[in-house]
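Residue-level listing of the chains:
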Amino acid sequence: MGGEALSEPGRRVRSGLGLGRARRTLAPFVGPGFQRLLVAVAAAGAAIGLTEAGILRIIGALVGSLETGDTTITIGPFDQLGVGALVTVGLVGTLVLVAFRVGETALIARIGVLPLTEARTQLAAAFLHADHAAQQRITAGEYQEMITAHTMRLSSIATATATLVSAALIAVALAVVAAIVALPTLVVLMVVMGLLFVLTLPLQKLAQRLGRSQASANTALANHTAEMVQAATDARIFGVTDEFALDNDRQVEKTSDLVFRTKAVEFFGSSLFQALMLGVIVAIGGWLAARNTGDFGTAGTVALIALRAQMAGRRALTANLSIATSAPFADELSTAIEALRSATATSGTRTIGPIEQVELSAVGFDHATIAPEPAGPDQTATLPVLRGLDLTVTAGEHVGIVGASGSGKSTLLAILLGLQAPHSGTVRMNGVDRADCSAASLSSQVASVAQRPVLISGTVQSNIAFHRAIGREEVVVAAQAAGVHDEIISWPDGYDTVIGERGARQVSGGQAQRICIARALAGKPSLLIMDEPTSAIDDAGTRLIADTMAALDRSCAAIIVSHRADALTSCDRILKMDGGKLVYPAS
């Protein structure tokens, strides 16, 4: 689903160019409010076009008066207008034009924000509600790329759409005035601008293809960057920092080349349009000169309107190219959101109370792996991990599980937590199939402590409460039970100390692990599941956690996986994972 998966030939790619393409791309992320804003932008564009045309007509008339020496000027139905009055009208029109431009800018900015906000909200919701397997298929780099760059491209499509609509209406308004002043000029302008847009269609399609390649390359760069950050310390230890830098340079050069080619197409298209339109304006000027009507005001107005029309046309073409290059990013974003939604985690409807018994019966689970030759690398095979596993844990019982790496210990815990479904056998909580239990009731009764503690950016209080309605008193009780309270209150800000990745205080591995144990205990669970809680801490930290487990209220059952015997001293029994089954007692 990430960078590679999204680039597979089978993924959905929208086709088309211009407003139709933009409408289909934006549809999942905008509502009626967006359409109303777009109508307002169209109205603002028409008003701007008419106002500009009126001002240009006044400028043309004033230029004509310089040639003829007349102090009174006639414009359409307005006869014998003084120069002062005409200048006053022009200045008032300029102020009106400024007001229209400010309104148009505010509308376009608002239009750009709407899909940006909605897309980021949808992506986060789809990711958080997806099942564990779907979440695991998206790397941190891919998610960050989508939530930032891809959603910004979606915003660019929205603003480009509004800009295209505004520019088109400005051009139409100018054309209407040009028709009133000199109808043949309108015909020439419309035909030529239409032909130029047709001539740039290959450029728009090329921009779309480059945009698709750039989207994939950016996702790959995001993945590489995330891996580089994680491996930076190892790179220094192994003396391969320069090699990592060279690998990064190759990734950056690839994306930079695509950015260069995309921008070159955009700038070439708009510059070509502008140059050709200037040639058309020169031709129109020559035609007016050849007619020698003597109406210098009309000729000047036509020339000015033609210049302004080419500017509006160039703006529209630039917006169209922007839509073409940004659309592939939006396609990948939509595909990712749809894939996550199709994998939404399911929940049963049965409500259960405190866990009195956990029973696994004949549980089997297979991992998919690449099949050996001669099947070929594209063929998959299954590798049995759990085979007819049986386990019963009763209320208040502490069970330790040991076993070699890769023996299936973590898979067993994932099944207990509902992150994986067994391929065979049953998992029952209080006699109820786990799949039939509601997610809310399970979350209130089952808590876990992962192998690597994860702290969020915030205070100790917020880390232990973890977005739950848990007050300070309950947090303190949980921290005391986890054996970390005394250390917390020794810090200057106590439970208000800011920790986490961007926190002001860096906590030790043991402190982080015990804060996470406090987080698990704060919800008063009846079943606690721990996966290698001492893997990343020293002997002293291991003893503290072992003491914490030994002091736990026995109203809470516990299943603890560890490779260290001293972390399992509080367990009533210790089982060994062997051949996909649990053997008792462990040797």
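The rules behind each value
- Residues numbered from 1 in each chain as written.
- Predicted model: local features only at pLDDT ≥ 70, side-chain atom pairs only at ≥ 80, totals over all residues.
- Heavy atoms only, no water.
- Helix = DSSP H or I, 4+ residues; strand = E, 2+ residues; numbered from the N terminus.
- Contact = heavy atoms within 4.5 Å.
- Areas by Shrake-Rupley, 256 points an atom, 1.4 Å probe, with all protein chains shown as cover.
- Phe/Tyr/Trp six-rings, centres within 6.5 Å; stacked < 30°, edge-to-face > 60°.
- Lys NZ or Arg CZ within 6 Å of the ring centre and 35° of its normal.
- Buried < 20%, exposed > 50% of the residue type's maximum accessible area, 1.4 Å probe, protein only.
- Arc of directions from axis to C-beta.
- Pairing = 2+ DSSP bridges.
- Axes fitted to C-alpha atoms, helices over the stretch in contact; angles between N-to-C directions.
- Salt bridge = Lys/Arg side-chain N within 4 Å of Asp/Glu carboxyl O.
- Parallel < 35°, antiparallel > 145°, perpendicular 65-115°, else oblique.
- Left-handed = near helix turned anticlockwise from the far one by under 90°.
- Nonpolar A, V, L, I, M, F, W, Y, C, P; charged D, E, K, R; others polar.
- pLDDT = per-residue confidence, 0-100.

A word on the overall build of the protein chain
Phase 1: Across its full length, the protein chain holds 17 helices and 14 strands.
Phase 2: Taking contacts inside the protein chain between residues at least 6 apart in sequence as the whole, the part at least 24 apart equals 80%.
Phase 3: Accessible area for the protein chain stands at about 28,200 Å²; split by element, carbon and sulfur atoms hold 60% of it.

Quick word on the packing of aromatic side chains
Phase 1: Taken as a whole and judged by the stated rule, the model has 1 aromatic pair.
Phase 2: Ring geometry for F127 against Y143: centres 5.1 Å apart, planes inclined by 50°, an arrangement best described as tilted. On the criterion of sequence distance, the pair formed by F127 in helix α3 (residues 83–129) and Y143 in helix α5 (residues 140–181) is long-range, its members being 16 residues apart.
Phase 3: Lying across the ring of F329, R153 places its NZ or CZ 4.1 Å from the centre.

Some points on the environment of G60
Phase 1: Along the chain, the position of G60 falls in helix α2 (residues 32–68).
Phase 2: Each C-alpha atom, one on G60 and one on I305, is 9.6 Å from the other, the two residues being 245 residues apart in sequence.

So, helix α11 (residues 409–416)
An α-helical turn contains 3.6 residues, so any two residues separated by three or four positions project in the same direction.
Phase 1: Taken across its 8 residues, α11 has 7 buried, putting it largely inside the fold.
Phase 2: Taken together, the buried positions of α11 are occupied by K409, T411, L412, L413, A414, I415 and L416.
Phase 3: Just beyond α11, the residue with positive phi is G418, at close to 80°.

Examining unusual backbone geometry
A negative phi holds for most residues other than glycine; trans holds for most peptide bonds.
Phase 1: The backbone of N430 sits at a positive phi, close to 55°, despite the residue not being glycine.
Phase 2: Take N430: it is sitting in the loop between β6 (424–429) and β7 (432–433).
Phase 3: Overall, the relative accessible area of 28% leaves N430 in the partly exposed class.
Phase 4: Positioned with a positive phi, H467 is a non-glycine residue whose angle comes to about 60°.
Phase 5: For H467, the position within the fold is in the loop between α13 (460–465) and α14 (472–481).
Phase 6: Residue classification places H467 among the exposed positions, given a relative accessible area of 79%.

Some remarks on helix α1 (residues 18–26)
Phase 1: Within the span of α1, buried status applies to G18, R21, A22, T25 and L26. The buried residues of α1 occupy an angular sector of 120° when projected down its axis, which confines them to one face.

Re the sheet that holds strand β13 (residues 573–578)
Phase 1: With respect to topology, 6 strands assemble into an open sheet ordered β8-β11-β12-β5-β13-β14, the strand pairing being mixed. Each edge of the sheet is formed by a strand with only one pairing partner; in this case those strands are β8 (446–449) and β14 (581–583). In this sheet, neighbouring strand axes are inclined to one another by 25° on average, regardless of whether the strands run parallel or antiparallel.
Phase 2: Across 4 bridges, strand β5 (residues 398–403) lies against strand β12 (residues 557–561) in parallel orientation. Along β12, the bridge assignment pairs H398 with A558.

As for the pattern of salt bridges
If charged atoms from side chains of opposite charge come close, those side chains can pair.
Phase 1: Following the criterion strictly, the structure yields 8 salt bridges and no others.
Phase 2: In this structure, E52 engages R101 in a salt bridge whose closest nitrogen and oxygen atoms are separated by 3.1 Å. Linking E52 in helix α2 with R101 in helix α3, this pair joins segments that are 49 residues apart in sequence.
Phase 3: Overall, the relative accessible area of 9% leaves E52 in the buried class.
Phase 4: For R101, a relative accessible area of 24% gives the class partly exposed.
Phase 5: Between R315 and E104 there is a salt bridge, with its nearest N and O atoms 3.4 Å apart. One end of the pair, R315, is in helix α10 (residues 296–342); the other, E104, is in helix α3, with 211 residues separating them in the sequence.
Phase 6: Each of the salt bridges in this network shares a partner with another, and the network as a whole consists of E52, R101, E104 and R315.

Some details on the pairing of β6
Where a strand is regular, its side chains alternate between the two sheet faces.
Phase 1: The pairing of β6 with β7 spans 2 bridges and is antiparallel. Considered in β7, the bridge of R428 is made with D433.
Phase 2: What sits between the antiparallel neighbours β6 and β7 is a turn of 2 residues, in which N430 has the positive phi angle 55°.

Concerning the environment of V177
Phase 1: Along the chain, the position of V177 falls in helix α5.
Phase 2: V177 gets classed as buried once you look at its relative accessible area, which sits at 14%.
Phase 3: Each residue touching V177, except ones within four places of it in the same chain, is listed here: L50, A53 and I305.

Some words on the environment of A345
Phase 1: Note that A345 resides in the loop between α10 and β3 (357–370).
Phase 2: Residues A345 and H132 lie 213 residues apart in sequence; the distance between their C-alpha atoms is 7.7 Å.
Phase 3: Not counting chain neighbours up to four residues away, the residues in contact with A345 comprise H129, A130 and D131.

A few points about the side chain of N320
Phase 1: Looking at where N320 falls in the secondary structure, it is placed in helix α10.
Phase 2: The class for N320 is buried, based on a relative accessible area of 8%.
Phase 3: Not counting chain neighbours up to four residues away, the residues in contact with N320 comprise G18, L19, L164 and Q204.

Re the packing of α14 against helix α16 (residues 509–522)
Phase 1: Put simply, α14 and α16 touch, their axes get as near as 8 Å, and they point 125° apart. With respect to α16, the axis of α14 lies oblique. Crossing of α14 against α16: the hand is right-handed. On α16, the residues that touch A478, A479 and A481 of α14 are A518, L521 and A522.
Phase 2: Residue composition of the contact of α14 with α16, grouped by class: 6 nonpolar, no polar and no charged.

Quick notes on the side chain of S570
Phase 1: On the secondary structure map, S570 appears in the loop between β12 and β13.
Phase 2: For S570, a relative accessible area of 8% translates into the label buried.
Phase 3: Once residues lying within four places of it in the same chain are set aside, the contact partners of S570 are H398, A546, M549, A550 and R554.

Looking at the confidence of the model for the protein chain
Parts of the prediction with low pLDDT should not have their coordinates interpreted in detail.
Phase 1: In the predicted model, the protein chain carries a mean pLDDT of 80, and the fraction of residues at 70 or more is 80%.
Phase 2: Note that pLDDT drops below 50 for residues 1–13; the model gives that stretch 29 contacts with residues more than four away or on any other chain.

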